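Per-entry structural report
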Amino acid sequence: EPITNDLTVDVASAVNGELIWVSKRTGYKVIWNEFGEKNPLTVADLLDMRNGDRAFFVNNWVTIEDPRADEIMKHLGIDKFYKLIKSVDDLDEIILGMDPDKIKTVLPKFSYSLKETIILRAQELKNEGRLDSSRRIKALEDGTGMEIDV
């Protein structure tokens with residue numbers, strides 16, 4: 001089945017706190033209130049986002065949460081921005097599952113915005129008691145150049 005402009009997909013915020021997007025073409029406004037929150041957008045909306053607010057993809061502020069996400073990202077020409085992070089679940093996988101030595105080599109390549117998101121998400125996971133390895137925390141801090149608050 002081909003990807004059409006009227007196809008609707010779930011788009012999740014990969015930002016801690018509020019994220020707002022307004023289509024420069026139609027004025028349509030979407031608000032995400034927290035990390036991981038999903039809103040339905042059409043492929044046409046995503047094209048507007050790509051053409052008017054490319055930072056949403058360049059900085060990985062949003063992820064496409066759909067079984068055909070790879071195909072949709074390729075169709076939109078944004079797949080190059082999503083090599084390691086394709087879904088908000090990938091952030092937790094990096095924080096909790098990736099080898100600490102690999103964390104130190106992978107994270108420095110991320111955008112400042114994505115590093116900030118990872119640190120804030122790591123803070124949440126630490127507060128929930130799911131992130132408790134001091135070696136992993138140090139690797140996250142070294143890889144991003146930021147501190148996880150105690």
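Within each chain, residues carry numbers counting from 1 in the order of the written sequence. Per-residue local features of the predicted model are confined to residues with pLDDT of at least 70, and side-chain atom pairs are confined, for both listing and counting, to 80 or more; whole-chain, interface and lining totals are unaffected and use all residues. Heavy atoms throughout the structure, all of them, feed into the side-chain values; hydrogens and water do not.

Next up on the list: the overall build of the protein. Each helix corresponds to a stretch of at least 4 residues labelled H or I by DSSP, and each strand to a stretch of at least 2 residues labelled E; elements are numbered beginning at the N terminus. Looking only at helices and strands, one finds seven helices and five strands in the protein. Each helix and strand of the protein, ordered N terminal to C terminal, gives the series β-β-β-β-α-α-β-α-α-α-α-α. Computation of the radius of gyration draws on C-alpha atoms, with the globule rule given as 2.2 Å multiplied by the number of residues to the power 0.38. Its C-alpha radius of gyration of 16 Å places the protein within 12% of the 15 Å reference for a compact globule of 150 residues. Dimensions of the protein, computed from C-alpha atoms along their principal axes, come out at roughly 45 × 25 × 20 Å. Only protein chains enter the accessibility calculation, which uses a 1.4 Å probe. A residue is then buried if its area is under 20% of the maximum for its type, exposed if over 50%, and partly exposed in between. In the protein, buried positions account for 47% of the 150 residues. For this analysis, residues touch if any pair of their heavy atoms sits within 4.5 Å. For the protein, long-range pairs separated by at least 24 residues make up 59% of all intrachain contacts whose partners lie at least 6 apart in sequence. Here the protein displays about 7,800 Å² of accessible surface, and carbon together with sulfur accounts for 48% of that area. Accessible surface area values rest on a Shrake-Rupley calculation with a 1.4 Å probe, where residue burial reflects the displayed protein chains alone.

Time to look at the sheet that holds strand E1 (residues 8-13). Criterion used throughout: strands pair if DSSP finds at least two bridges between them. Taken together, the three strands give an open sheet; going across it, the order is E4-E1-E5, and neighbouring strands pair in antiparallel fashion. Either end of the sheet is taken by a strand with one partner, and the two such strands are strand E4 (38-42) and strand E5 (62-65). Pairwise comparison of adjacent strand axes, ignoring direction, gives a mean angle of 40 degrees for this sheet. The axes are straight lines fitted to the C-alpha atoms, using for helices just the contacting stretch, and the angles between their N-to-C directions are given from 0 to 180°.

Our next topic: the nonpolar core. Buried Ala, Val, Leu, Ile, Met, Phe, Trp, Tyr and Cys residues that are joined via side-chain atoms within 4.5 Å together make up what is termed a nonpolar core. In this structure, Leu 107, Phe 110, Ile 118, Leu 131 and Leu 140 are the most contacted members of the largest nonpolar core, which totals 24 residues. Those elements that provide at least two residues to this core are helix H4 (88-97), helix H5 (100-106), helix H6 (112-127) and helix H7 (134-144). Top contributing element to this core by residue count: H6, with five residues. Core analysis: the second largest hydrophobic core is formed by 23 residues, Val 11, Trp 21, Phe 57 and Tyr 82 among them.

Turning to H7, a few remarks are in order. For an α-helix the count is 3.6 residues per turn, leaving residues at separations of three or four pointing the same way. Considered for burial, the residues of H7 that qualify are Arg 136, Ile 137, Ala 139, Leu 140, Gly 143 and Thr 144. Angular distribution of buried residues about the axis of H7 spans 160 degrees; they occupy a single face of the element. One or two residues past the end of H7 sits Gly 145, with phi positive at roughly 75 degrees. Working note: the arc is built from the helix axis to C-beta atom directions.

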